[in-house]
Amino acid sequence: MKKPKIRELKEAITSLFSKPFTSQFPFKPHTPAKKFRGKPEYNRDTCVGCGACFNVCPARAIEMVDQVVDGKWKRVLIHHPKDCLFCGECERNCITDDGIKLSGVFDVSYFDEKDVQSKVEHDLIVCKHCGEIIGTEKHVLWTLRKLGNPAFSQPVMISRLMEEFGLVTDEEEKVAGPVQRTDMLKIVCPKCRRMAFISDEKKER
Amino acid sequence: MNDKKKVIVPIGPYHPLLEEPEFFALYCDGEKVVDVEWQAGYNHRAIEKLSEGKHWDQVTFLVERICGICSTSHPFAYCNSVEDLLDITVPEKARYIRCIIGEMERIHSHLLWVGLAGHFLGYNTVFMWAWKYRESILEMFEMITGNRNHYAMFKIGGVRRNIEDEDIPALRKVLKDIRAKLEMLTHAVLDDPVLGARLKGVGVLTKGHIKDFGAVGPVARASGVDIDIRRDDPYAAYPAVEWKVIKTENGDVFDKAVVRLLECMESVRIIEQSLDAIEGSKGDIENQVREMPVGEGIGRHEAPRGECFHYVRSDGSNSPVRHKIRAPSYTNIPTFKASCVGQMIADVAIILAGVDPCYCCTERVAVYDADKKNKKLFGFSRLVEMSREKTERMRKQV
Amino acid sequence: MKVLETLKEKLGERIKDIKIHNERRIYLTVEAGDIKECAKIVFRELDARYIIASGADNFDSFEILYHFGFDSIGTVISLRVFLARENPGIDSLSDVIPGISYIEREMWELLGINFAGHPGLSHFLLRDDWPEGNFPLRKSIKTDGANSE
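In this text, all values refer to a predicted model and were calculated from it rather than measured experimentally.

## Brief notes about the sheet that holds strand 5 (residues 75–83) of chain C
Residue and element names in this part refer to chain C. Reading across the sheet, the five strands line up as 1-2-5-4-3 and stay open at both edges, with mixed pairing between neighbours. Only two strands of the sheet have a single neighbouring strand rather than two, namely strand 1 (15–22) and strand 3 (49–58). Within the sheet, the average angular offset between the axes of one strand and its neighbour, ignoring direction, is 20°. For strand 2 (residues 25–30) and strand 5, the ladder comprises five bridges, and the chain directions are parallel. In the sheet register, Thr29 faces strand 5, and the bridge partner there is Arg80. Sheet contacts for helix 2 (residues 35–45): strand 2, strand 3, strand 4 (61–70) and strand 5; angle to strand 5, the most-contacted strand, approximately 175°.

See below:
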């Protein structure tokens, strides 16, 4: 059976003299393909803190914590590579298309997990009456900008913009007692606004 | 069972040689196998229960991780089942892309099998070469999908990523190379006298066995049972491309090898035709799904190992209320009861490999002493050694 | 559809309900007591291929679906049986379809359905010392998601 042997011999000689397929990593750096799905990383400037990535992650690798830090409400989004699937759902569902993206980093071994986590922190807007969390400041402003001109039909948004431009400060005291119509420019959360319209309280504050 | 002392050979459950843990107990009488018992569950991960707590789109990623080798078969069957429930169709470009991914996976899975079969028989060069050719396919996967395994390409209603025109030339080059290598491998297997003597007539499964156990895939087609879900229950772009179903008659391990190698050639044909169809196309890749009605759906896909079957039920909420997954190996592995009985112990390793068990929910094989159940005679490495020794003996005879 | 007509003719009165999802997915409801006869007719006489059986926990009853494939027309016929909530039990089909014994063991250990006449109901996927009465796939065992009560 000489013929088959020649075929295999040819292949054997070719593979003997060609470069081995194994790469030289870690002695030489390895560049993954362009579309490679590596570790997700937040972009502090473009992420608005809406929490869409937290909601869609199949492995629950993104943690969202809303808490008071130094008297102000803050939201922290932390991505944990130890649970991550590198699927890219966070990147695909990000509302700004730029808040979190999958980088080319594939080497995520660690001694301390904080070295490889990706974190982003935002200020939260809370209702001055009931304390309910509305959303992050950046998210509200991003929505405003998307609305364009119709945004100005909402008086609370006007006062929010005035705060952004520094025309009023945020250091107003909490709105105590029953909400009245005069408070409507300060109250953001829909629950309290509805109460003001429904219960027409004439009690003095 | 008669009075003669039976020997039970245990193989498993955890062994460095086999990819996943599983357990078979072979009852042996001297050199011949008399009965086989299969125990499963070492790899059980409660995926059907987990499905009920995830959203419809998140379940795709969960089922992708059922298996590493046939990683795309489960999302494919799952998406088919949900699309059956919703009664929607997938855009044309997405159908071709799904076929491309599915067929590339078939090639890489069969090449992996060829390597393992060679390894069990003692042909380590075949092992090295087959896995080397497989590497170029995995590189292509990384280029198109972003990862060598767990491609995350499937979504209910379409695919998640596009195959850009600039990637297609590299893909075509790899396919051309693979075709040449596959031809060489196929002829090397078919012409080799030692392989023929070693594998022909070993582990035969008749049509009756296939029917009794519900076996599918190359295991069934090697025994002459003409079933292939891509042709029988068409989905994606399979009705639009030309290809043929490979079927042989004898049902032994040699035929199974032939079926798998020839199937790879058909896969290359399908991929080339699909690339011709999508090159330059600017179509949609997704049909957006916004609401899930109440109902149930069944979806199937011809995975490299056979028919992968998913059944899904919805009550209108965000998660499935019942998700039944049947991997092809679930019905293929019990065929050991029929194919191993009456065979020599030295052949068990290759008969096991012939079914190409993807132990996504199964175990390993062990051989015990029939009378003293705890006396383990030898493990799987010894069985593989015995298999290789037999090949050496046959090579000297030929 | 020809296959539906043939089934109606062979199974006759045993069919309690027909649901046609589309021409390749048909669901027939039969009584639990008739399942052996129906399985013999579909598997042996009509030469269908056994695919798998799925058990499900509807909150007020149990349900088993036996899936059979008619490959020449690419159709899946599913035979649906409903079982009582208390002590659910049904005849085992292992003497009609040898390969079905594994899924029956799995349904027994995960859902608690008893299969009368099964050659050996022992643990298949769960470990041998799994606590009695703990059936993981039942809805009373919660997942941390949307569909647990």
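After that view of the structure, there is still more to cover.
## Considerations on the interface of chain A and chain B
Chain A puts 17 residues into the contact, and the matching count from chain B is 16 residues. With four residues, the single largest contributor to the side of chain A that touches chain B is helix 1 (residues 2–17) of chain A. Looking at the side of chain A that touches chain B residue by residue, the classes come out as ten nonpolar, one polar and six charged.

## Digging into the interface of chain C and chain B
Facing 25 residues of chain C, the contacting portion of chain B comprises 30 residues. Among the elements that take part in the side of chain C that touches chain B, strand 3 of chain C stands out by supplying six residues, more than any other.

## Quick look at the sheet that holds strand 6 (residues 133–136) of chain A
Residue and element names in this part refer to chain A. Spatially, four strands are ordered 2-3-5-6 in an open sheet, and the strand pairing comes out antiparallel. Two strands lie at the open edges of the sheet, namely strand 2 (62–69) and strand 6, each paired on one side alone. Strand-to-strand, the axes of this sheet are offset by a mean angle of 30°, without reference to chain direction. Pairing between strand 3 (residues 72–79) and strand 5 (residues 118–126): six bridges, direction antiparallel. By the bridge assignment, Val76 is partnered in strand 5 with Glu121. Sheet strands touched by helix 4 (residues 137–147): strand 5 and strand 6. Its angle to strand 6, the strand with the most contacts, is close to 75°.

## Examining the domain arrangement of chain A
All names here are of chain A. When cut into domains, chain A gives domain 1 (35–126) and domain 2 (130–200). Taken together, the contacts link twelve residues of domain 1 with twelve residues of domain 2. Elements supplying a minimum of two residues to the side of domain 1 that touches domain 2: strand 3 and strand 5. Split into classes, the residues belonging to the side of domain 1 that touches domain 2 amount to six nonpolar, three polar and three charged.

Reading the values: rules and limits
Residues numbered from 1 in each chain as written. Chains lettered and ligands numbered in written order. Predicted model: local features only at pLDDT ≥ 70, side-chain atom pairs only at ≥ 80, totals over all residues. Pairing = 2+ DSSP bridges. Helix = DSSP H or I, 4+ residues; strand = E, 2+ residues; numbered from the N terminus. Axes fitted to C-alpha atoms, helices over the stretch in contact; angles between N-to-C directions. Contact = placed C-beta atoms within 7 Å. Nonpolar A, V, L, I, M, F, W, Y, C, P; charged D, E, K, R; others polar. Domains from an automatic or database assignment.

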